[in-house]
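Listed here are the chains, written in short residue letters.
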Amino acid sequence: MDGIPGKSWEGWEFVSPPETIPIHSKVAAGTGLSATLGGCGLNSARTFRDSMNEFIASGIESDIENEEMAAGRLNLRYYFRQQPVMLAVVLVLVVIAFLFVTALSHAYHAQREALGARWSSRGLVDLKAKNFPAAVTEFRSALLYSRDDYDYQLNLAEALLGLKRAGAGSSYGEASAYLINLWDREPENGLVNLELARITAQQGETTEAIRYYHDAVNAVWPADQENMRRDARFELIDLLLRVNEKAQAQAELIALSENAASDPALRERIAALFDRAQDYDHALAAYRLALRSDEHNESALAGAGHAAFELGRYPLAQHYLRSALALDPNDQASAELLKTTELVLNTDPFREDISTAQRDRLAVEAFTTAGDRLQSCAVPKTQVPGPAGLEPGLNDEWDSIKSRVTEAGLRRDPDLLNVVMDLVFRIERHTSTLCGAPTGKDLALLLIAKSHEGSN
Amino acid sequence: MNSPANSASDVLVVNGQPEPEPEIAVRGLTRTILREEHFFLILSVFIGISSGLAVVCFRFAIDWARLYLLGTGAVLSPIRLILAPTLAGLVIAFLVIHFFPATRGSGVNQTKAALYIFNGHIPFRTAIGKFITAALAIGSGHSLGPEDPSLQIGASLASALGRKMRLSRDRMRLIAPVGAAAGLAAAFNAPISAVLFVIEEVIGRWTAGILGSVVLSAVSSVVVMRWFLGSESLFRIPAVELKRPSELLAYAILGVIGGLASVAFSSGIVALRPRCKALPRWTQYFQPAIAGLLIGIIAVLGAPQVMGAGYEYIDQAMHGQFTWEFLAILAGLKIIATLLSFVSGTPGGMFAPTLFIGAMLGAAVGGVQHTLLPQLTGSPATYALVGMGVLFAGFLRAPMTSVFMVLEVSGNYSIIVPVLVANTFAYLISRGLQPIAIFDVLTRQDGLELPSMEEQREEDVLQVEDAMHPLEDPVLDGEKTVEQALRDAERAKSDHLLVKRSPSGWSLVTKEELRTLAADGKRDTSLGSLLPILYVPFLHPDHPLETALRYVDRYPLVPVISRADFRQLEGVITERDVLERYREFGEG
């Protein structure tokens, strides 16, 4: 071995007589410093000179120890220089250091926890006050001390979303990142799913949004679980209706109405959504349930009137709409609808509560109205393709029976009523596609046509 | 020095007296149980644990320094932003100049110096000094990172332990890298990257003995670090993805930009560091403070993100919280801030700033790409991660580590293709424009000549085929008679002739020996039966040329044979061939 005496593992050399190699030569040989010091800059030279001095000093110390050992004066120290013994000593030192760092770590983590909690509580105050910029900063500060704290992240995401919704935030990116991270940790968290659903819906990712909404509906909520789930479902239905997924919306609404309590406001809200989903049967039923608890609920009356109108149940619609207008005469929409309803009722020759003479008169009027519509709409007088080849055009049909369509003619030929009304309905349908939505009597006739589609 | 441990008698003598019995027993027992390599492995675990504990304390110290110097909030007051790094700079300068001169810089080169110059010796005072000054610097907002100081603290602790354990010189030399790996692994929370970095940049070679110790220490330190600080990575990693293969073009562009940024960064250091060091000595008291002041001004003007290691901002960049314009500005400002801190001699590391710059550049390129082709672009996190690897490859010039670092940090192997593409571009551009790696430049600026790992990797290795020459003389057949062999030998120019033996092997014979055999009446005997059993060693063409040196002094010519057919001679090599080739190689 040509290393430094007293520093070698190999041969327990420290018990043999120390070598007589001069220290300076050993250091130079061992380090190569003589070759490198010359090229050092000021700082480097100081650095290496210091290192060299320590190096030399340790060599001297070893030599002295070796001499003492050789003289047999240091038996105890001899044992302590045995590597296993030293290893045991190091182990003890490491254990002590470990305990020390544990204590330090507790103090460190406790301090960080306290700082995090302090910033978080400030953030919560600002979040409640809708002071979103301050809340964002405070929750960011809280997260400096507890980066993975679930609540801090969720609150920061809420604050960021608040900021964005208030028009001050740049994008959903950061909030979304936090929420996705939280979702990965707790996929069943209701609020996280709901917020993710809102973000994805906002970004036009409907499929993702619907998935998150469903998860939110079935999720675990920390408090007021039933109401939170219901609200999430309401948002889901709203989204479904916005993207015209009416069938899915209706299914969700049915589930919602089954679980809904007897709260009239809730019933009315569900009914309105059924109405938007064009499920008028369920809408009418829901409005009726709402009216059971408060028969003077004007919006429920108006809604029920609208649902009944859409179902073609015009007498019922008239009843509800009249009641609604009695409570709120300024309800223009209901007033318009009532007007149309009454026009339909006054135009419909198939009503059961009218006499034959009245029916014949109404049929003649309908025929005249349809004729006027044909003319005003300028329907071409050509043959039209039909199941049996080219058929006469509506103008020709109208002209062909015009002479027969009188009150007397209808009395003579009871079957003529159906022929007349069939032609009237076809004219109104055709002209509505050709010339746009009808008004007045034409609208009434079209609605009557639609209400009779099922029966025909 | 002789080695008594190797002798069989083992009755050690102390000044001529037999050693006391119990000591012999202890020695015998320990020698039986603990061979040095086993002991070294156990010691590596202790080094890992100690380094882990030290790094944990170092992290605490940095955080506490930040809390008390800069404040507790995410938004910091301008007065503190200016004063903290400035005043800390003054204190650091005083400490470094008067107490801890060896703590300047990052610590990687000091560890290499310990390995190659000081036989593994790093003063323990260096660890203490590095701990205090680097914690103060990073905590006060200087643009430096904790990884390189952790590496040096680990190396210093390991060196101290090694000295106390009286390891052999060879082991002592290796102990600093073992500690360095432990320190770096704990600081990075990435044992694989730490091991690779130490092997790639400090030790420069792979052997089972070194690898075992380095891995053990790295793993031990990471376990300790996670015990106290949790296993979370330095930043939250969102989902990373490569959306389409065409996106690789964007990653190639990122590699080019990263390579250029690396060159700008390292050129700045190379140019400014000697100038700062050449300034009058009294200015060294103020250089870190001036750097701190300038960094504080940058922070007050709107970019506090450049202060400190900046991991929290890497995290934010990954989560798309900055616009691409701001990300690009941050990358540029971080280069300036890190240059200021580093060239002023403030102790601290360059790993974290490198990662910061890379992440910002990557996320900026991702942002531009997203603006231009939103459907084709992956998440900003993917670009930021790749960007980190790019700067690591381009600036630190550790290509292997750069790839594995990204994989280890992201935990996602699907990112490997973009990382490889981008890192390759960055590395090649950096090497092309800045031929000497930054650590080597720094070493040479300090007047040292440590081996350059990059140069070693790139060095041409001479092989036997570069020196061998075809055999002009006939090859004798061992199956033939001496008379036939002599007839063939007479046509040869050389006195030494190769003999092909059966079933395999080669021998040498001289013409004189053949003549003697013939004169002894063995003309009709087969040559093979008369030659000694000891065969001539042979080489293959792909053997390193230095392998030939083992034989050419003992044999006048050594056969070079095919690996596919051991009886097929490719050529021969002589001592002269080898020396000639080395001479030509040396002359370039």
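Residues numbered from 1 in each chain as written. Chains lettered and ligands numbered in written order. Predicted model: local features only at pLDDT ≥ 70, side-chain atom pairs only at ≥ 80, totals over all residues.

Asks: I'd love a proper account of the overall build of chain A, names of residues and values included.
Replies: Per the secondary structure count, chain A includes 22 helices and 2 strands. Burial statistics for chain A: of 456 residues in total, 37% are counted as buried. The contacts in chain A between residues at least 6 apart in sequence include a share of 51% that link residues at least 24 apart. (Helix = DSSP H or I, 4+ residues; strand = E, 2+ residues; numbered from the N terminus. Buried ≥ 20, exposed ≤ 12 C-beta atoms within 10 Å, placed from the backbone. Contact = placed C-beta atoms within 7 Å.)

Asks: So, the sheet that holds strand 5 (residues 506-510) of chain B: which residues are in play, and what are the values?
Replies: All names here are of chain B. Across the sheet, which stays open at both edges, the 3 strands sit in the order 3-4-5 with mixed pairing between neighbours. At either margin of the open sheet sits one strand with a lone partner, and together these are strand 3 (476-477) and strand 5. Taken together, the 5 bridges between strand 4 (residues 496-500) and strand 5 define a ladder with antiparallel strand orientation. Directly across from Lys500, in strand 5, lies its bridge partner Trp506. (Pairing = 2+ DSSP bridges.)

Asks: Would you mind going over helix 12 (residues 311-318) of chain B in detail, with residue names and values included?
Replies: All names here are of chain B. Of all 8 residues that make up helix 12, 6 are buried, and the element is covered over most of its length. If you check which residues of helix 12 are buried, you get Tyr313, Ile314, Asp315, Gln316, Ala317 and Met318. The inward-facing, buried residues of helix 12 abut helix 13 (324-343), helix 14 (351-372) and helix 15 (380-396). Backbone geometry just downstream of helix 12 places Gly320 in the positive-phi region, at approximately 65°.

Asks: Explain unusual backbone geometry to me, and be specific about the residues and the numbers.
Replies: Here A:Lys130, not a glycine, exhibits a phi torsion of approximately 60°, which is positive. Relative to the helices and strands, A:Lys130 resides in the loop between helix 5 (83-128) and helix 6 (132-145). Of note, the phi angle at B:Arg397 is positive, near 60°, even though the residue is not glycine. Among the secondary structure elements, B:Arg397 is positioned in the loop between helix 15 and helix 16 (399-410). Owing to 27 C-beta atoms within 10 Å, B:Arg397 belongs among the buried residues under this scheme.

Asks: I'd like a description of the nonpolar core, backed by residues and values.
Replies: Residues B:Ala181, B:Val198 and B:Met360 are the most contacted members of the largest nonpolar core, which totals 166 residues. Broken down by element, the residue count for this core peaks at 16 residues, all from helix 2 (residues 36-70) of chain B. Leave out the neighbours within four places in its chain, and B:Val198 touches B:Pro177, B:Ala180, B:Ala181, B:Leu184, B:Ile203 and B:Val214. Counting residues in each nonpolar core, the second largest holds 95 residues, with A:Leu127, A:Leu156, A:Tyr172 and A:Ala308 among its members. (Core = buried A, V, L, I, M, F, W, Y, C linked by C-beta atoms within 7 Å.)

Asks: Tell me about the pairing of strand 4 of chain B, and please be specific about residues and values.
Replies: Residue and element names in this part refer to chain B. Counting buried positions along strand 4 yields 4 of 5 residues, so the element is predominantly enclosed. The sheet contact formed by strand 3 and strand 4 spans 2 bridges and is parallel. Residue Leu476 lies in a different strand from strand 4, and its bridge partner there is Val499.

Asks: Tell me about the packing of helix 14 (residues 280-293) of chain A against helix 15 (residues 298-310) of chain A, and please be specific about residues and values.
Replies: Residues and elements named next belong to chain A. In contact at an axis separation of 9 Å, helix 14 and helix 15 are set at 155° when each is read in the N-to-C sense. When the axis of helix 14 is compared with that of helix 15, the two are roughly antiparallel. Our pair here, helix 14 against helix 15, has a crossing hand that is left-handed. Counting all contacts with helix 14, which are made through Tyr280, Ala283, Leu284, Tyr287, Arg288, Ala290 and Leu291, the residues of helix 15 involved are Ala300, Leu301, Gly303, Ala304, Ala307, Ala308 and Glu310. For the contact of helix 14 with helix 15, the per-class residue count stands at 11 nonpolar, 1 polar and 2 charged. (Axes fitted to C-alpha atoms, helices over the stretch in contact; angles between N-to-C directions. Parallel < 35°, antiparallel > 145°, perpendicular 65-115°, else oblique. Left-handed = near helix turned anticlockwise from the far one by under 90°. Nonpolar A, V, L, I, M, F, W, Y, C, P; charged D, E, K, R; others polar.)

Asks: Please give an account of the environment of B:Ile79 that cites residues and values.
Replies: Residues and elements named next belong to chain B. Mapping Ile79 onto the fold places it in helix 3 (residues 78-98). Look at Ile79 and you get exposed, because 11 C-beta atoms sit within 10 Å. Through-space distance from the C-alpha of Ile79 to that of Ile297 is 9.9 Å; in sequence the pair is 218 residues apart.

Asks: Which residues make up the confidence of the model for chain B, and what are the values?
Replies: Residue and element names in this part refer to chain B. In this model, chain B carries an average pLDDT of 85, and 92% of its residues clear a pLDDT of 70 or more. No element of chain B has a lower mean pLDDT than strand 1 (residues 13-14), which averages 40, and none a higher one than helix 11 (residues 287-300), which averages 95. Here residues 1-20 is a poorly scored stretch, pLDDT under 50, and it has 28 contacts once near neighbours within four places are set aside; other chains count. Interface confidence for the predicted complex, expressed as ipTM, amounts to 0.76; the pTM equals 0.68. (pLDDT = per-residue confidence, 0-100.)

Asks: A description of the confidence of the model for chain A should follow, citing residues and the corresponding values.
Replies: Residues of chain A with pLDDT of at least 70 account for 77%, and the chain-wide mean is 77. In this model, residues 1-49 of chain A is a region of pLDDT below 50 whose contacts with residues beyond four sequence positions or in other chains number 106 contacts.

Asks: Please give an account of the packing of helix 7 (residues 169-188) of chain B against helix 8 (residues 191-203) of chain B that cites residues and values.
Replies: Angle between the axes and distance between the axes: these two values describe a pair of packed helices. All names here are of chain B. Direction vectors running N to C along helix 7 and helix 8 enclose 140°, while the axes themselves pass 8 Å from each other. Classed by the angle they form, the pair helix 7 and helix 8 counts as oblique. As for the relative orientation of helix 7 and helix 8, their crossing is right-handed in sense. Of the residues in helix 8, those in contact with Pro177, Ala180, Ala181, Leu184, Ala185 and Phe188 of helix 7 are Pro191, Ser193, Ala194, Val195, Phe197, Val198, Val202 and Ile203. Along the lines of polarity and charge, the residues of the contact of helix 7 with helix 8 split into 13 nonpolar, 1 polar and no charged.

Asks: Tell me about the environment of A:Gly204, residues and numbers included.
Replies: Relative to the helices and strands, A:Gly204 resides in the loop between helix 9 (190-202) and helix 10 (206-217). Remark: the alpha-carbon pair of A:Gly204 and A:Val243, spanning 39 residues in sequence, is separated by 9.8 Å.

Asks: Describe helix 8 (residues 173-185) of chain A, and please don't skip the residues or the numbers.
Replies: Its 13 residues place the ends of helix 8 of chain A 18 Å apart at the C-alpha level, agreeing with the 18 Å of an ideal helix rising 1.5 Å per residue. If you follow the buried residues of helix 8 of chain A, they end up packed against helix 7 (150-165) and helix 9 of chain A. (Expected span 1.5 Å × (residues − 1).)

Asks: So what about the environment of A:Ala449? Which residues, and what values?
Replies: Residue and element names in this part refer to chain A. Relative to the assigned elements, Ala449 resides in helix 22 (residues 440-453). When the 20 C-beta atoms within 10 Å are taken as the criterion, Ala449 is described as buried. Along the chain, Ala449 and Val424 lie 25 residues apart, while their C-alpha atoms are 8.5 Å from each other. Once residues lying within four places of it in the same chain are set aside, the contact partners of Ala449 are Phe425, Glu428 and Arg429.

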